[in-house]
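# Observations on chain architecture
Read off the chains here:
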Amino acid sequence: PDGLIRTLNRNFETSVNILPLPDGRPAAGTANRVYPILDNGNLETGSAPFPPFTGTPRAIAPDGALYFEGNTRPDQRSPLVKVSNNRQQVIAGAPVAATVDGQAAPFGLWNPRNNSLLYASSLDGKTGILEARPGQSPRFLVGGGSDVGDAEGKSATDLAIFGIVSFTLDGQGNLIVADVYRRRILVIGTDGKVATLKANGEQIVYAPIGVLNNLQRIAADSAGNIFWFQQGNTPTNAPFTADVAVWTRATQSVSISTVTGL
């Protein structure tokens, strides 16, 4: 009710996925196993509801079938396997090497305007934001070029982007890129031209600090306002507290919101 997140089991492994069992009980999905979670927060390791499998549990269907991402088919890349009545069945897989290799949060965004997947990655020794469409080779939307100067007004594909960057789409289809290595936020219009995000006429310095500085999270809402993590810390005996910067399109200004328990 007070908006804070409190940990019930302080020793819980953060890499464990929570999967609801058909009867509503929570289960812990770990590598190669699914274990029910007892009321006291401990894992019921002595009772595995599914036969042994090799892979990462992803979901449990209402009929009790388990779906996991595994390697039972070496000719396929991480196939999706269904386990039902002690029988395994490959549901989906990729029999060719994957061309999408996202390396930065949010790993991928779907652009409904042209049915394409956008992701941050490297291609032919260059880094940036790529676009993949069904049946086509990935292409750079941002980066892939050699220009290391001022980005204002230039084509996004002429720029050299250093390192994998975070990005988002706003409601107008503009691509927002958080370039932490150049300490700037780029706004790429639907025409492929670049504008550097400014507030009160001055370029915004994008330099998040604190324990989340390696995440470089950024987001935009349907109105085109942009949000990003500015800095944060964990005070003694208190939850993590973060400062979130908000660029408001209507005023072209930045304000800071402090979020406790983020």
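Preceding this section is the structure that the text describes.
Summarised in this report is the structure supplied together with it. (Residues numbered from 1 in each chain as written. Predicted model: local features only at pLDDT ≥ 70, side-chain atom pairs only at ≥ 80, totals over all residues. Heavy atoms only, no water.)

## Examining the side chain of Thr241
Structurally, the position occupied by Thr241 is in strand 21 (residues 241–248). Ignoring anything within four residues of it in the chain, the contact list for Thr241 reads Gln231, Gly232, Asn233, Pro235, Thr258, Val259 and Thr260. (Helix = DSSP H or I, 4+ residues; strand = E, 2+ residues; numbered from the N terminus. Contact = heavy atoms within 4.5 Å.)

## Some words on a nonpolar patch on the surface
Together, Val148, Phe162 and Tyr181 line one region of the surface with nonpolar side chains, adding up to about 320 Å² of accessible area. Classification of Val148 as partly exposed rests on a relative accessible area of 46%. (Patch = residues over 30% accessible without salt bridge, like charges linked within 9 Å, V, L, I, M, F, W, Y side chains within 5 Å. Areas by Shrake-Rupley, 256 points an atom, 1.4 Å probe, with all protein chains shown as cover. Salt bridge = Lys/Arg side-chain N within 4 Å of Asp/Glu carboxyl O. Buried < 20%, exposed > 50% of the residue type's maximum accessible area, 1.4 Å probe, protein only.)

## Let's talk about the sheet that holds strand 12 (residues 166–169)
Strand order in the open sheet made by the four strands is 12-13-14-15, with antiparallel pairing throughout. In the strand order of this sheet, the two ends are held by strand 12 and strand 15 (194–196), each with one partner. With strand direction ignored, the average angle separating the axes of adjacent strands in the sheet is 25°. (Pairing = 2+ DSSP bridges. Axes fitted to C-alpha atoms, helices over the stretch in contact; angles between N-to-C directions.)

## Remarks on the sheet that holds strand 9 (residues 116–123)
Taken in spatial order, the four strands line up as 8-9-10-11 in an open sheet, and their pairing is antiparallel. Here the strands that pair on one side only, and so sit at the sheet edges, are strand 8 (109–111) and strand 11 (139–143). Averaged over all pairs of adjacent strands, the angle between strand axes in this sheet comes to 40°, irrespective of strand direction.

## Comments concerning the pairing of strand 13 (residues 175–179)
Here strand 13 lies mainly inside the structure; five of its five residues are buried. Burial of strand 13 is two-sided: the residues Leu175, Val177 and Asp179 facing one way and the residues Ile176 and Ala178 facing the other way are all buried. Where strand 12 and strand 13 come together, four bridges link them in antiparallel fashion. Residue pairing for strand 13: Ser166 is matched across the bridge by Ala178. From the end of strand 12 to the start of strand 13, which pair antiparallel, there are five residues, and Gly173 there has a positive phi angle of about 90°. In terms of strand pairing, strand 13 meets strand 14 (residues 184–188) through five bridges, oriented antiparallel. Counterpart to Ile176 in the pairing with strand 14 is Val187. Here strand 13 folds back onto strand 14, and the loop between the two strands holds four residues, one of which, Arg183, carries a positive phi near 55°.

## What to know about the nonpolar core
Counting 17 residues, the largest nonpolar core has Ile129, Val142, Leu175, Val177, Leu186 and Ile188 as the members making the most contacts within it. Contributing elements (two or more residues each) for this core: strand 9, strand 11, strand 12, strand 13 and strand 14. Those residues in contact with Ile129, other than ones at most four positions away along the chain, are Tyr119, Ala120, Arg139, Phe140, Leu141, Val142, Val165, Phe167, Leu175 and Val177. In this structure, Tyr206, Ile218, Trp228 and Ala245 belong to the second largest nonpolar core, which totals 14 residues. (Core = buried A, V, L, I, M, F, W, Y, C linked by side-chain atoms within 4.5 Å.)

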